[in-house]
Amino acid sequence: QVQLVESGGGLVQPGESLRLSCTASGFTLNDYDIGWFRQAPGKEREGVSCINNSGSSRYYADSVKGRFTTSRNNAENAVYLEMNSLKPEDTAVYYCATVRKTYFCGRRWQQNLNEIDYWGQGTQVTVSS
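Structural notes, computed from the coordinates. (Residues numbered from 1 in each chain as written. Predicted model: local features only at pLDDT ≥ 70, side-chain atom pairs only at ≥ 80, totals over all residues. Heavy atoms only, no water.)

Here we look at the state of the cysteines
Here is step 1 of the chain: By the definition in use, this model includes two disulfides.
Here is step 2 of the chain: Two residues share a disulfide in this structure: Cys22 and Cys96, whose sulfurs sit 2.0 Å from each other. The S-S bond linking Cys22 to Cys96 shows a torsion near 65°; that makes this disulfide right-handed. Taken together, the residues span a long stretch of sequence, with Cys22 in strand 3 (residues 18-25) and Cys96 in strand 9 (residues 92-99) at a distance of 74 residues.
Here is step 3 of the chain: With a sulfur-sulfur separation of 2.1 Å, Cys50 is cross-linked through a disulfide to Cys105. Between Cys50 and Cys105 the sulfur-sulfur dihedral comes to about -80°; the bridge is accordingly left-handed. Here the residue Cys50 occupies a position in strand 5 (residues 46-51), and Cys105 occupies one in the loop between strand 9 and strand 10 (118-119), the gap between them amounting to 55 residues. Here Cys50 matches Cys105 in class, with each residue buried. (Disulfide = S-S within 2.5 Å. Helix = DSSP H or I, 4+ residues; strand = E, 2+ residues; numbered from the N terminus. Buried < 20%, exposed > 50% of the residue type's maximum accessible area, 1.4 Å probe, protein only.)

A word on the environment of Ala78
Here is step 1 of the chain: Inspection of the secondary structure puts Ala78 in strand 8 (residues 78-83).
Here is step 2 of the chain: Its relative accessible area of 2% is what places Ala78 among the buried residues.
Here is step 3 of the chain: Here the alpha-carbon distance between Ala78 and Tyr59, two residues 19 residues apart in the chain, equals 18 Å.
Here is step 4 of the chain: Beyond its immediate sequence surroundings of up to four residues, Ala78 is in contact with Cys22, Thr23, Leu29, Arg72 and Asn73. (Contact = heavy atoms within 4.5 Å.)

Some points on the sheet that holds strand 8
Here is step 1 of the chain: One open sheet holds the four strands; their spatial order is 1-3-8-7, and the pairing between them is antiparallel. Among the strands making up the open sheet, the edge pair consists of strand 1 (3-7) and strand 7 (68-73). Each adjacent strand pair in this sheet contributes to an overall mean axis angle of 15°, direction not counted.
Here is step 2 of the chain: Both strand 1 and strand 3 contribute to a ladder of five bridges, which runs antiparallel. (Pairing = 2+ DSSP bridges. Axes fitted to C-alpha atoms, helices over the stretch in contact; angles between N-to-C directions.)

Regarding the packing of aromatic side chains
Here is step 1 of the chain: Enumeration according to the criterion identifies five aromatic pairs in this entry.
Here is step 2 of the chain: Ring centres 5.3 Å apart and planes at 70° place the aromatic pair Phe27 and Tyr32 in the edge-to-face group.
Here is step 3 of the chain: Classification of Phe27 as buried rests on a relative accessible area of 13%.
Here is step 4 of the chain: Residue classification places Tyr32 among the buried positions, given a relative accessible area of 12%.
Here is step 5 of the chain: A ring pair is formed by Tyr95 and Trp119, whose centres lie 6.2 Å apart and whose planes are at 90°; its orientation type is edge-to-face. A residue pair is termed long-range when its members are at least 10 positions apart, and Tyr95 in strand 9 and Trp119 in strand 10 qualify at 24 residues. (Phe/Tyr/Trp six-rings, centres within 6.5 Å; stacked < 30°, edge-to-face > 60°.)

Looking at the side chain of Glu115
Here is step 1 of the chain: Counting through the fold element by element, Glu115 comes out in the loop between strand 9 and strand 10.
Here is step 2 of the chain: Leave out the neighbours within four places in its chain, and Glu115 touches Val99, Lys101, Phe104 and Arg107.

Distances and angles like these do not, on their own, reveal function.
Right, dumping it as structure tokens:
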């Protein structure tokens, strides 16, 4: 069965860090671009980051540039999101998503959600003192 599972979320104080993981089962990630998205209560889902299939290109939302880093390890069939200097406004459910279609990350990745093949179930990140 094809599945994506996020993990690593939790409750942290402002300024602290979290590392999210996205692991795949039932298929391999090496041919997929991977996006991270988040959704806060009452708000639209927004793109956070995108990494292409080889890991050579990475993109970030302006709100997280300099604080978040996405990476991948195809041998482990996993993608990661390192989140540093967390702020209360980062509170949301975070989702990973895979796209087989070529050059997803370089083609308006924050808007082309219709191209996404698989979504993870989401992991909650809460930043509060």
